[in-house]
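# Architecture and fold: a report
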Amino acid sequence: GTPAAVQAVAVAQMDVRAGRVVYTSLLNADGGFVGDLTIMRLGPQRFRVVTGGATGMMDLKWFSDHLPADGRASIADLTSAWTTIGLWGPRARDVLGSVTSDDVSHAGFPFGTCREIELGGVSVLASRISYVGELGWELHVPFEQGARVWDTVWAAGRPAGLVPAGIGVYGTTGRLEKGYRAFGFELDADYNLVEAGMTRPSVKPQPFTGRDAYLAQRESPPCAVLCTLTVDDHRSADGELRYMLGGEPVLTPDGEPLVDAKGRHSYVTSAGSGPSVGRHLLMAYLPAERAVAGARLSVEYMGEPYPVTVAVAGSTPVFDPDNLRIRS
């Protein structure tokens, strides 16, 4: 069976075979979000938690605080021991395949799996997962070998048009085009899995923190729905082009505040460019009755209203809705 220390915290089913990568939320007792991360099952009793740099210590504390009292499970912080390089894009398999003799074909290395491969003389833990909406891998590398692996991938990728991209691109272009939620922006203790559009067909039978609240939340329609919106006109009254950054209030077309049945005001949780769809994209929780594709609203930015349209109500992405780019 799966060690209870992992199963009792993760919403997702962790009773998977070694080599699987599981995306999961962590909930508090009220069913609100306290974490959003991936867990690799490396062996019968070994799991590796992969999470964001800004939230890693919070997640470490959460797991530590929920370890079984019998002492059979322990957790270690390996942050300083490993570095991670993300390789994503339509030609990621070509680039990776040119620097390893291991099988990185779709059949040989399916989406949502991880395993060690040899890359330029270094043993790398490769994880086929994507937060940017494109084919690719996270490459987990012993820290002292990170520069060597970077140089190997960089040299191999340059002819294919490889470019270095930081968290600003990673977090606000592909993520928004794919409607991926981010902890601390869309996901926090004030909202739940149902409102975030992240429910799965069933809930695992094993107990986990927040399970009772989550089951209750699933019983009734949400009073707020996380939506993706497009900005229809960026021109201000004085003719400047303005681009929202996040945190702005979402209003009716007439400028009235939107407030859901729990008293929560709608605001832009994330904003950024969607180059694949040619629009500036926003994410926001809207009262359920306003969460309708095609609905017209406005966003107040720098004291002025700008017209926006609900592109998607729920979690369907505005780009590649069938996930063909990631899963092939």
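For the structure itself, consult the block above.
Structural notes, computed from the coordinates.

### A word on the overall build of the protein
Broken down by element type, the protein carries six helices and 13 strands. For the protein, whose C-alpha radius of gyration is 21 Å, the value lies close to the compact-globule estimate of 20 Å for 328 residues. The principal-axis extent of the C-alpha atoms belonging to the protein is close to 60 × 55 × 35 Å. Relative to its 328 residues, the protein shows a buried fraction of 47%. The contacts of the protein with a sequence gap of at least 6 include a subset with a gap of at least 24, amounting to 61%. Summed over all atoms, the accessible surface of the protein reaches about 15600 Å², with 54% contributed by carbon and sulfur. For the protein, the distance from the average position of its 29 positive side-chain charges to the average position of its 36 negative side-chain charges is 7 Å.

### Considering the nonpolar core
Counting 20 residues, the largest nonpolar core has L96, L119, V124, W137, L139, V149 and V153 as the members making the most contacts within it. Mapped onto this core, the elements with two or more residues apiece are β4 (82-88), α3 (92-97), β5 (114-119), β6 (122-127), β7 (136-142) and α4 (146-157). When neighbours within four sequence positions are excluded, V149 is seen to be in contact with I85, L119, V122, V124 and V141. Ranked by size, the runner-up nonpolar core spans 19 residues in total, among them V225, M244, L282 and Y301.

### Details of the sheet that holds strand β11 (residues 279-287)
The six strands are arranged β9-β12-β13-β8-β11-β10 in an open sheet whose pairing can be described as antiparallel. At either margin of the open sheet sits one strand with a lone partner, and together these are β9 (250-251) and β10 (268-274). In this sheet, strand β13 (residues 304-313) lies alongside strand β12 (residues 296-301) in antiparallel orientation, the contact comprising six bridges. Note on β13: the bridge partner recorded for Y301 is E304. Against the sheet, helix α5 (residues 167-177) engages β10 and β11, with an angle of about 90° to β10.

### Looking at the pattern of salt bridges
Oppositely charged side chains may form a pair once their charged atoms are brought near each other. For the coordinates displayed, the defined rule picks out 11 salt bridges. The salt bridge partner of D65 is K61, with a shortest N-O separation of 2.6 Å. Remark: K61 and D65 occur in helix α2 (residues 56-65); sequence separation between them is four residues, near one turn of the helix. Assessed through its relative accessible area of 48%, D65 is described here as partly exposed. For E195, the salt bridge goes to R264, with nearest N and O atoms at 2.6 Å. Here E195 is found in the loop between α5 and α6 (211-217), whereas its partner R264 is found in the loop between β9 and β10, with 69 residues between them in sequence. Exposure remark for E195: the relative accessible area of 2% places this residue in the buried category. For R264, a relative accessible area of 13% corresponds to the buried category. Taken together, the shared-partner salt bridges connect E195, D260, K262 and R264 into one network.

### Describing the sheet that holds strand β2 (residues 33-43)
Pairing is antiparallel across the open sheet formed by three strands, whose spatial order is β1-β2-β3. Strand pairing shows two members of the sheet lacking a second neighbour, β1 (21-27) and β3 (46-50), which therefore form its edges. Averaged over all adjacent pairs, the angle separating strand axes in this sheet is 35°, with direction ignored. Two elements, β2 and β3, share five bridges in a ladder whose sense is antiparallel. Paired with I39 across the bridge in β3 is V49. Contacting β1, β2 and β3, α2 crosses the sheet at an angle of about 75° to β2.

### Observations regarding the environment of I117
One can find I117 in strand β5. The exposure class assigned to I117 is buried, which follows from its relative accessible area of 2%. Look past the residues within four positions of I117 in its chain and what remains in contact with it is L96, T100, D102, F109, V122, S123, V124 and A126.

### Notes on the side chain of T252
Within the fold, T252 resides in the loop between β9 and β10. Sequence-distant contacts of T252, that is, excluding residues within four places in its chain, are made with L258, R290, L297 and S298.

Cut-offs applied
Residues numbered from 1 in each chain as written. Predicted model: local features only at pLDDT ≥ 70, side-chain atom pairs only at ≥ 80, totals over all residues. Heavy atoms only, no water. Helix = DSSP H or I, 4+ residues; strand = E, 2+ residues; numbered from the N terminus. Rg over C-alpha atoms; globule rule 2.2 N^0.38 Å. Buried < 20%, exposed > 50% of the residue type's maximum accessible area, 1.4 Å probe, protein only. Contact = heavy atoms within 4.5 Å. Areas by Shrake-Rupley, 256 points an atom, 1.4 Å probe, with all protein chains shown as cover. Lys, Arg positive; Asp, Glu negative; His and termini not counted. Charge placed at Lys NZ, Arg CZ, Asp CG, Glu CD. Core = buried A, V, L, I, M, F, W, Y, C linked by side-chain atoms within 4.5 Å. Pairing = 2+ DSSP bridges. Axes fitted to C-alpha atoms, helices over the stretch in contact; angles between N-to-C directions. Salt bridge = Lys/Arg side-chain N within 4 Å of Asp/Glu carboxyl O.

Taken by themselves, the reported measurements are silent on function.
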